[in-house]
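# Notes for the structure review
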Amino acid sequence: QVHVVESGGGLVQPGGSLRLSCAASGFTFSTYRMSWYRQAPGKERELVARISSTGGNINYADSVKGRFTISRDNVKNMVFLQMNSLKSEDTAVYYCNARRTSALIEYDYWGQGTQVTVSS
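Before going into details, it helps to say that this report is about the structure given with it.

A few words now on the overall build of the protein chain. Per the secondary structure count, the protein chain includes zero helices and 11 strands. Along its sequence from the N terminus, the protein chain presents helices and strands in the succession β-β-β-β-β-β-β-β-β-β-β. Taking 14 Å as the expected radius of gyration for a compact globule of 120 residues, we find that the protein chain reaches 14 Å, a close match to that expectation. Seen through its principal axes, the protein chain has C-alpha atoms that stretch 45 × 25 × 25 Å. Per-residue burial for the protein chain yields a buried fraction of 38% across its 120 residues. In the protein chain, once contacts between residues fewer than 6 apart in sequence are set aside, the share between residues at least 24 apart is 53%. By element, 47% of the accessible surface of the protein chain is carried by carbon and sulfur atoms, the whole surface being about 6,400 Å². Computing the positive centroid from 13 side-chain charges and the negative centroid from 9, the protein chain places the two 4 Å apart.

Counted under the stated rule, the structure contains six aromatic pairs. An aromatic cluster is present here, built from Phe27, Phe29, Tyr32 and Tyr109 joined pairwise through their rings. The ring centre of tryptophan 110 lies 4.7 Å from the NZ or CZ of arginine 45, which sits over that ring. Of note, arginine 72 hangs over the ring of phenylalanine 29, and the distance from its end group to the ring centre comes to 4.5 Å.

Turning our eyes to something else, we now look at the environment of glycine 42. Here glycine 42 lies in the loop between β4 (33-39) and β5 (46-51). Each C-alpha atom of the pair glycine 42 and arginine 99 lies 25 Å from the other, and the pair is 57 residues apart in sequence.

Attention shifts here to the pairing of β4. Consecutive side chains along a regular strand alternate between the two faces of the sheet. By the criterion of burial, β4 is predominantly enclosed, with five of the seven residues buried. For β4 and strand β9 (residues 92-102), the ladder comprises seven bridges, and the chain directions are antiparallel. What sits directly across from arginine 38, in β9, is tyrosine 94. Linking two consecutive strands that pair antiparallel, namely β4 and β5, is a turn of six residues; a positive phi of about 80° is found at glycine 42 within it.

This part is about the nonpolar core. Core analysis: the biggest nonpolar cluster contains 29 residues, and Met34, Trp36, Val79, Leu81, Met83 and Tyr94 have the highest contact counts within it. Elements supplying a minimum of two residues to this core: β3 (18-25), β4, β5, β7 (68-73), β8 (78-83), β9 and β11 (114-118). In contact with tyrosine 94, not counting residues within four places along its chain, are Glu6, Leu20, Trp36, Tyr37, Arg38, Val48, Phe68, Leu81, Met83, Gly113, Thr114 and Val116.

Note on placement: arginine 38 falls in strand β4. The exposure class of arginine 38 is buried, given its relative accessible area of 5%. One polar contact links arginine 38 to aspartate 90, side chain to side chain, over a distance of 2.9 Å. Side-chain polar atoms of arginine 38 contact the side chain of tyrosine 94, separated by 2.9 Å.

Reading the values: the criteria
- Residues numbered from 1 in each chain as written.
- Predicted model: local features only at pLDDT ≥ 70, side-chain atom pairs only at ≥ 80, totals over all residues.
- Heavy atoms only, no water.
- Helix = DSSP H or I, 4+ residues; strand = E, 2+ residues; numbered from the N terminus.
- Rg over C-alpha atoms; globule rule 2.2 N^0.38 Å.
- Buried < 20%, exposed > 50% of the residue type's maximum accessible area, 1.4 Å probe, protein only.
- Contact = heavy atoms within 4.5 Å.
- Areas by Shrake-Rupley, 256 points an atom, 1.4 Å probe, with all protein chains shown as cover.
- Lys, Arg positive; Asp, Glu negative; His and termini not counted.
- Charge placed at Lys NZ, Arg CZ, Asp CG, Glu CD.
- Phe/Tyr/Trp six-rings, centres within 6.5 Å; stacked < 30°, edge-to-face > 60°.
- Lys NZ or Arg CZ within 6 Å of the ring centre and 35° of its normal.
- Pairing = 2+ DSSP bridges.
- Core = buried A, V, L, I, M, F, W, Y, C linked by side-chain atoms within 4.5 Å.
- Polar contact = N/O pair within 3.5 Å; in protein donor to acceptor, adjacent residues only side chain to side chain.

Right under this line is the structure:
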């Protein structure tokens, strides 16, 4: 059974830091591209950062470049999002996503999300 579970969200002041974690099980983690998405109230879900299966290819949304860092541990089956210099506009529910395409079949798994609130 597939499980994707985020943790580490919370309330932080502007300029502060948080580290989100995502623990995965039930699939071959090391073969999946992992991503963090977020969705703010009244807005569409947007890609924040993604990392290839080996960690060799990383992409960030322009809005978080230089502030957020995505990383993964293929031994522990975990992916992380280090968020620094947080702004109020980073407030959202953050979701972990695992995705892989094989033989034209897309495997796509989501976590339940973790709330990040940036406020003084």
